[in-house]
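# Close look at the chain arrangement
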Amino acid sequence: MAIRNLITHPPALPMVAPSILSADFAELGDECRACLAAGADLLHLDVMDGHFVPNLTMGPALCRSLRRALPEAFLDVHLMVERPGDFIAPFAEAGADHFTFHVEVEADPPALAEVVRQAGMTAGLAINPPTPLETILPFVEAFDLILVMSVNPGFAGQKFMGEVLDKTRALHPKLRADQRLQMDGGLNAQTVAACREAGCDVLVAASAIFGAPDYAHAVAELRGVPHPAARS
Ligand code: DX5
Ligand code: ZN
């Protein structure tokens, strides 16, 4: 069984969350096992609908397969879809532990957060780079995690948008100890230190991990600790 309170009561911070979007889908189970063995804390599933974002990726069936293959893994689902409420029950039944949806598509985010919790998952609210911070502020206390996008979502491998760090700097002091601040998009060895300094404590990366020759080195670099092999 997964660690259900990993978001609200993490054993250590920051956490590193590989986005499986850049994994080899033909080898997905092994790719995920390799990430977790390399020190990753959770797996991030980027769900795209071809409407809210211009790409199609994965759905509940893939989540269910991962849950079966990796019973202990924490599965963090990021919904980049127009009607996230339609997918709360399917992902909960598929074994997801955490469910994030976007402020841009939901009129009453706290009400949907309650539905997510009733389904047995923690709830996250995401904000795209062009969306003003003020849009999300009234809802922050109702969520377990706030996700600040650092690229316009749709594809892995895009350039980090440093201007979004103003949002995380402003959000960080408003969060309780049981709330997480996640950043997603363009994180790599060059950009991640600024994210950690700006208060981000769940660091998502697709290409910086799956494109690296050594996953353990990439995870350690994102976390900001020395490479495990370099420790005495
Ligand atoms: C936005 C997705 C991200 C993204 C991360 O498109 O939510 O998870 O794919 O990819 P990298 O780390 O390659 O920018
Ligand atoms: Zn994501």
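Going by the structure above, here's the rest.
Thresholds applied
Residues numbered from 1 in each chain as written. Chains lettered and ligands numbered in written order. Predicted model: local features only at pLDDT ≥ 70, side-chain atom pairs only at ≥ 80, totals over all residues. Heavy atoms only, no water. Salt bridge = Lys/Arg side-chain N within 4 Å of Asp/Glu carboxyl O. Helix = DSSP H or I, 4+ residues; strand = E, 2+ residues; numbered from the N terminus. Buried < 20%, exposed > 50% of the residue type's maximum accessible area, 1.4 Å probe, protein only. Donors = N, O, S within 2.8 Å, 3.2 Å for Na, K, Ca; no water. Near = heavy atom within 4 Å. Polar contact = N/O pair within 3.5 Å; in protein donor to acceptor, adjacent residues only side chain to side chain. Areas by Shrake-Rupley, 256 points an atom, 1.4 Å probe, with all protein chains shown as cover. Nonpolar A, V, L, I, M, F, W, Y, C, P; charged D, E, K, R; others polar. Disulfide = S-S within 2.5 Å.

### A closer look at the pattern of salt bridges
- Taken as a whole and judged by the stated rule, the model has 9 salt bridges.
- We note a salt bridge from R67 to D97, for which the minimum N-O separation is 2.7 Å. Of this pair, R67 sits in helix α2 (residues 60-69) while D97 sits in the loop between α3 (88-93) and β4 (98-102), and the two are 30 residues apart along the sequence. A single burial state applies to R67 and to D97, both of which are buried.

### Looking at the coordination of the zinc ion (ligand 2)
- Surrounding the zinc ion (ligand 2) are the protein donor atoms H44 (NE2), D46 (OD), H78 (ND1) and D184 (OD), which sit 1.9 to 2.3 Å from the metal.
- Of note, the donors binding the zinc ion (ligand 2) are all from one chain and are spaced H-x1-D-x31-H-x105-D.

### Examining the site of ligand 1
- As a matter of local geometry, ligand 1 sits amid 19 residues, with D46, G157, D184, G186 and S207 nearest to it.
- S207 is positioned such that a nitrogen or oxygen atom in its side chain is 2.4 Å from an oxygen atom of ligand 1.
- Here ligand 1, which alone exposes 380 Å², has 100% of that area covered by the protein.
- When its residues are assigned to classes, the shell around ligand 1 shows 10 nonpolar, 7 polar and 2 charged.

### Description of the state of the cysteines
- What the rule picks out here adds up to 0 disulfides.
- No disulfide involves C35; its sulfur sits 6.3 Å from the nearest other cysteine sulfur, which is in C32.
- Owing to a relative accessible area of 0%, C35 belongs among the buried residues under this scheme.
- There is no disulfide at C63, and the cysteine sulfur nearest it, in C32, is 11 Å away.
- What makes C63 buried here is its relative accessible area of 0%.

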